[in-house]
Each structure stands twice: as structure tokens, then as C-alpha cells.
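Structure assessment
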Amino acid sequence: MADIATLTLSGLTALLLLGVFTWVLRVEDWRSYTPTAGEAGAGGGYGTGADHGHKPSGIVRWLTTVDHKDIGIMYGAFAVLSFAWGGVAVMLMRLELVTPTSNIVDSALYNGLLTSHGITMLFLFGTPILAAFSNYFVPLLIGADDMAFPRINAIAFWLLPPGALLIWGGFFLPSLAPAQTSWTMYTPLSIEQANPAIDLMLLGLHLTGVSATMGAINFVATIVTERDDEVTWANLDIFSWTVLTQSGQIIFAFPLLGSAIVMLLLDRNLGTTFFLADGGGPMLWQHLFWFFGHPEVYILVLPPMGLVSYILPKFTGRKLFGFKFVVYSTLALGVLSFGVWAHHMFATGMDPRLRAGFMAVTISIAIPSAVKTFNWIATMWNGRLRLTTPFLFCVGFIANFIIGGVTGVFEASIPVDMLLHDTYHVVAHFHYVIMGAIAFAVFAGIYYWFPIYTGRMYQRTLAKWHFWLTMVGTNLTFFPMVLLGYAGMPRRYATYDLAVGPELLFTLLHRSATLGALLLAVGQIIFVWNLVQSWLEGPKVRDGDPWDLKETGQHGREWAWFERQQESALTTDGGEKGETDEAAAAESGDD
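The rules behind the values
Residues numbered from 1 in each chain as written. Predicted model: local features only at pLDDT ≥ 70, side-chain atom pairs only at ≥ 80, totals over all residues. Heavy atoms only, no water. Helix = DSSP H or I, 4+ residues; strand = E, 2+ residues; numbered from the N terminus. Buried < 20%, exposed > 50% of the residue type's maximum accessible area, 1.4 Å probe, protein only. Contact = heavy atoms within 4.5 Å. Areas by Shrake-Rupley, 256 points an atom, 1.4 Å probe, with all protein chains shown as cover. Phe/Tyr/Trp six-rings, centres within 6.5 Å; stacked < 30°, edge-to-face > 60°. Lys NZ or Arg CZ within 6 Å of the ring centre and 35° of its normal. Core = buried A, V, L, I, M, F, W, Y, C linked by side-chain atoms within 4.5 Å. Patch = residues over 30% accessible without salt bridge, like charges linked within 9 Å, V, L, I, M, F, W, Y side chains within 5 Å. Salt bridge = Lys/Arg side-chain N within 4 Å of Asp/Glu carboxyl O. 1 Å grid on protein atoms, 1.4 Å probe; cavity = no way out; pocket = protein on both sides within 12 Å on 5 of 7 lines; lining within 4 Å. Points joined across faces, edges and corners; volume = space filled by probe spheres on them. Nonpolar A, V, L, I, M, F, W, Y, C, P; charged D, E, K, R; others polar. Axes fitted to C-alpha atoms, helices over the stretch in contact; angles between N-to-C directions. Parallel < 35°, antiparallel > 145°, perpendicular 65-115°, else oblique. Left-handed = near helix turned anticlockwise from the far one by under 90°. pLDDT = per-residue confidence, 0-100.

1. Observations concerning the overall build of the chain
When helices and strands are counted, the chain shows 21 helices and zero strands. Going through the 591 residues of the chain one by one, you find that 51% of them count as buried. Sequence separation of at least 24 residues holds for 80% of the intrachain contacts in the chain that already meet a minimum separation of 6. Carbon and sulfur atoms make up 68% of the accessible area of the chain, which totals about 26,000 Å².

Given below as C-alpha cells:
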């Protein structure tokens, strides 16, 4: 009976897919990149004037759009929701660590929250929020009508929601428990756990990897082939340079992660031995994962570096110092990032000769980052600084990135890493880069371009409250973790009720970190409130140059586009007003 039911279900599924495929073919030629009547004009530059039409309204617009701006907004909304989910998970973890013993959640749920937090922030927040900026602004910055492949662009986004549901499935499905493998999914632990939620999580990760790869190919094609005639490699903006480099990294790194995930799924479900001791071995997973995992750090940090390099000069009255060297350092980071993966494995017993080589390359990769840091500081030196919220977040990025980078150089040294490996020092280093740097650059970009994608201005006082709470909260959260690492506190532990050891010191530092996390949470609530309320009710921007960038000759292509949009809107408003005035004059008898 079970076999008959399975065959019946398979047959019905096949008929459903066939029906959907037939319907798609009848609606339109899905292989064509020419928009339908409802899509024409969405991205600009497709079809003739007769083909242009208005976008559909309501939910249909967002479900069917191929406009790069709409897709960018959807990426951003998805990333903010994922950020909220990851933030709730980490707040529960931090509240659990206020005391040495378990009080809020048990160890199994803590491990599930730990796993979900890491994967959510990296794959469902970090990559999508950068794709939001890239989708919306790269075509505007390079003078393109839209992305090279608008439909593929839409497909890349729509792979993310089902991927997120699969990753979070262990929390929602009553018959499952959350995956407890940590975000690194180390074998043999990830093979031995029989929880089906791990398989769902792996499938969800695979979808997010396919999404990122499709998007990366699209960005490379767009930047290489769709640039305006006036945009050459010499004057291509720094943000587009970082997106191009990031996309090249994704094309090489994410398919490897996908292959490793497939191998892990086969080990879990079909009895293969890719990562078992009697097969390829658990070390093979670490090599494959970190060959993706360390370029992933630069995949996440390069576009934020581009955002800071692009936004910071706007409020200093000067152009970016050493533009060419910033570009060269970006390319250097893109290449060197693939040669440092084994510094995550110094404690695994690998050949000491290999360890020494990876240590040397890891220390050397700090040089391109230092070049950028010095150039950012030189850009501000003797500049005419304007303390706007985007500028403050750029400065916060630089300060936190210096701390994150210096702690990383310590961990690159084999003797030091052997002491600090798998302690809270690693957590502090990583989060100073991810939260202290990447998120700060993201906030700078959101505030800087807020008038473009909303047509309104945010509440400046609330925005500065957001900055200061985030800056203080970040350092109050993560600097105690540096000290926890030096004191020997291991990471990924739900309790620290020790028979011996500095339990009182651990408690004090964990409570400090939790207080910082609460400040961070308050800051992000203010951010979301300001974002939504200002988007709906903020004062409309009537000036195409709201930051007064023309005074210093830094009115970029995206603001020129915005200015044209404003002029068009004003012309329309003026025409309507003129017709109304003429009608009123006619009625009153005044010629």
C-alpha cells in the first residue's frame, strides 16, 4: 500500500509540474529576455516606446517584476527580516549566558539557535543585503538600463525564501528538532546526527548557493558588457569594482560548497564515505568547507569596503585618496583569499610545513586591507568633514575593522592560534568584522541612498541614536569576548559552571557582553522604526542633490539619475497644477 501511495503521489506531482510547464509556455516565451507589456519600462531600455507600459499594482508587481530596482528592494526586505531572526536567536543565547548554569534554554535548543544564527547571518543576511545594494545601484552607477539577465536576476532572488524555510524548518515542523551542527557542519558530527532537519538545512544552503552563483554571473556580465560608453575600466566606480571582484570569488567558491553539501547529503542518506574515517576522512570536509569559507569572509567584506570607499569621500570634501591602490588591493584580496583557508585548521594536526606556508600567506593578506585603511584615513585627513549619519557609520566601520583586523593577525600566528583556537577570541575577531564592520557599512549605504529608493528623508536624530547605540553596543558586546578568549573560555558552550577556573571573571564578562547585546537590540529597533516610518511618512526630497555633492564635484551617476527622476516628477506636478489653475481661472472668468 505504501508503494502504491508513493507512486500515486509521484504521478500527481509529475502531472502538476507538467501542467505548470505547459502554462508557462502558453503565457509567454520564457526563454526570451524581452519584457511583457506589464514589465516593459520597468528596468528602462527594453523594448520600443510602443511596448512600454505601467507596472502591475499590488502583490502581482513584486511577484513578477524583473526591474533591478524592485529586486534590490526585495533582497533588502528579505535580508532585514533574516537579520531580525538571527538577532532574536542571539539574544536568547546571550540571555542564557548571563549566569553560569542553564536557565533560559536547554543545551539542545542553545545549539540549535547557535547553528541557525550563524547560517542566517552569513547566508540569509550578509550575502542578500549586499545583493540588494548591488542590484539597485550597480546598473545606475555604470549607466546600464538593467542587469544583463533580468529574469535570471529575479530567479536568483526567488530561490532565497524557500532556502530560508528549509534552513529554519527544524524550528517550525513539530516532528523535527533544530539542526545542532554549528554553522560549520563539521563531520563526523553532522553525519552521525540523525535529525532530518540537518538534511533540510543542507538543501536550503544549496539553494542559497545556487542563488548567489546566478547573481554573481549576472553581475560579471552586467559590469563587463552593459557599461555606458563613458564608463571605462579607468573611471569605473570603486563599489562596482568590489562587486565585480566579489562576483568572481562567488563563481569559484560557492560551487565548491555545493559539491561538498551534496557529498555530505550522500554520506548521510546513501551510505557513502566521503567524510568518514574509513573513506575520505573528516579532514576532507574541513578542507572543502574552508576553501569556500575563507573566501566567503571576503565575499562579505569586499562590497562593504567598496561602500565605505564610495561614501566616505562624499562627506570629506575630497576624492578617495589613492583610488588605483584601493582597486589593486581589492583585486589582491580577491586572489589571496583562496590561499589562506587552512589557517582555520592549525589545531588539526596537519603537516607543520603546510601550516607555516598558510601562516605566511594569512599574515600577508593583511597588507591589502591595511592599504585600504590608510587610504580611508588619508581621505579624511585635512578634509572638510560633515558628521552625517552615513559618514559616522563609515568612521565606525574603520575603527571596528582595525580591531577585527589586528585580532585576526594574532590568530594567524600558529603559536598564538594554538592557545586561542576555539575560544571566544575567535568569536570576537569574527564579529568585529561581520557586525562591527560589514553591518556598519550596510547602515551607511542605507542612510546615504535612502532618498533615492524612497524619495524621502529619514529622521536624522533617530539615525544618530542608531549609530551611537550600535557603536557602543558593538564594542561592549565583543571586546569582553577578546578578554574571555585570553582567559580560556571556549566558544559554543551553553554553560560555564566550572569546577575550576575563573568562573567569576567569565560571569562578569558575559554579563557585559549581554548588556552590549541589549544596547544593540535597542539600536536596531530604532533603525527599523526609522526606516519604515520615514519610508511611509518622511518629508519628500525635492532636491536631486540632497547631500550637496555638486559643490565638491562628487555628484555620482546614481544621483544624476535621481535628479532626472525628480525633474520629471516636478514637471508632471507643474503641468497638473497649471491645468488646474487654468481651469479655475476659466470658471472665474479671469483670462
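2. Section: the packing of aromatic side chains
One pass over the structure, following the stated rule, counts 54 aromatic pairs. Taken together, a centroid distance of 6.5 Å and an interplanar angle of 90° make the contact between F123 and F254 edge-to-face. Remark: F254 occurs in helix α10 (residues 238-269) and F123 occurs in helix α4 (residues 107-142); sequence separation between them is 131 residues. On the basis of relative accessibility, which here comes to 4%, the residue F123 falls in the buried class. Note on F450 and Y453: the rings are 5.6 Å apart at their centroids and 70° apart in plane angle, and the pair reads as edge-to-face. Pair noted here: F450 and Y453 are both in helix α18 (residues 450-454), with a separation of three residues, about one helical turn. The burial state of F450 is the same as that of Y453; both residues are buried. The lysine or arginine in question, R61, covers the ring of W62, its NZ or CZ lying 4.4 Å from the ring centre. Looking at R227, its charged tip hangs above the ring of W233, at a distance of 4.2 Å from the centre.

3. Describing the environment of P161
By secondary structure assignment, the location of P161 is in helix α6 (residues 160-167). We classify P161 as partly exposed; its relative accessible area is 23%. Sequence-wise, P161 and T208 are 47 residues apart; in three dimensions their C-alpha atoms are separated by 9.0 Å.

4. A look at the nonpolar core
Side chains of a nonpolar character, in soluble globular proteins, are inclined to be buried together. Counting 156 residues, the largest nonpolar core has F133, F137, W376, F397, Y448 and W449 as its most contacted members. Top element by residues in this core is α4. It accounts for 20 residues. In this structure, F137 is in contact with W449, I452, Y453 and E558, ignoring residues within four places of it in sequence.

5. Regarding a nonpolar patch on the surface
Together, F374, I377, I402, V406, F410, F479, L483 and Y486 line one region of the surface with nonpolar side chains, adding up to about 760 Å² of accessible area. Broken down by secondary-structure element, the contributors of at least two residues to the nonpolar patch are α14 (366-380), α15 (389-412) and α19 (460-487). A relative accessible area of 38% means that I402 is categorised as partly exposed.

6. Thoughts on empty space enclosed by the protein
Considering all chains together, one arrives at six cavities of 30 Å³ or more under this definition. Looking at the largest cavity, its volume works out to about 180 Å³. The wall of the largest cavity is formed by 20 residues, among which Y75, T127, A131, S211 and A212 lie closest to the centre. Counting residues per element, the ones that place at least two in the lining of the largest cavity are α4, α9 (196-225) and α10. No other element matches the seven residues that α4 contributes to the lining of the largest cavity. By residue class, the composition of the lining of the largest cavity is 11 nonpolar, nine polar and no charged.

7. Concerning the pattern of salt bridges
Here the structure, examined in full by the defined rule, presents nine salt bridges. Across the pair K69 and D67 runs a salt bridge, and its minimum N-O distance is 3.2 Å. Each member of the pair, K69 as well as D67, is classed as buried. Where E230 meets R557, a salt bridge forms, and the shortest distance between an N and an O atom there is 3.3 Å. Separated by 327 residues along the polypeptide, E230 in the loop between α9 and α10 and R557 in helix α21 (residues 557-588) bring together distant segments of the chain. What makes E230 exposed here is its relative accessible area of 58%. Ionic contacts of the salt-bridge type, sharing partners, join the residues D228, E230 and R557 into one network.

8. Things to note about the packing of helix α11 (residues 282-311) against α15
Two elements in contact, α11 and α15, have axes separated by 10 Å at closest approach and are oriented at 130°. As judged from the angle between their axes, α11 and α15 are oblique. In this structure, α11 crosses over α15, and the sense of that crossing is left-handed. On the side of α11, the interface is formed by V301, P304, M305, V308 and I311, while α15 contributes P390, C394, F397 and F401. Grouping the amino acids of the contact of α11 with α15 by side-chain chemistry returns nine nonpolar, no polar and no charged.

9. So, the confidence of the model for the chain
With 87% of its residues at a pLDDT of 70 or more, the chain shows a mean pLDDT of 88. Ignoring residues within four places in sequence, the model shows residues 27-53, a span with pLDDT below 50, making 45 contacts including any to other chains. A low-confidence stretch, residues 575-591 (pLDDT under 50), is modelled with one contact involving residues beyond four sequence positions or located in other chains.

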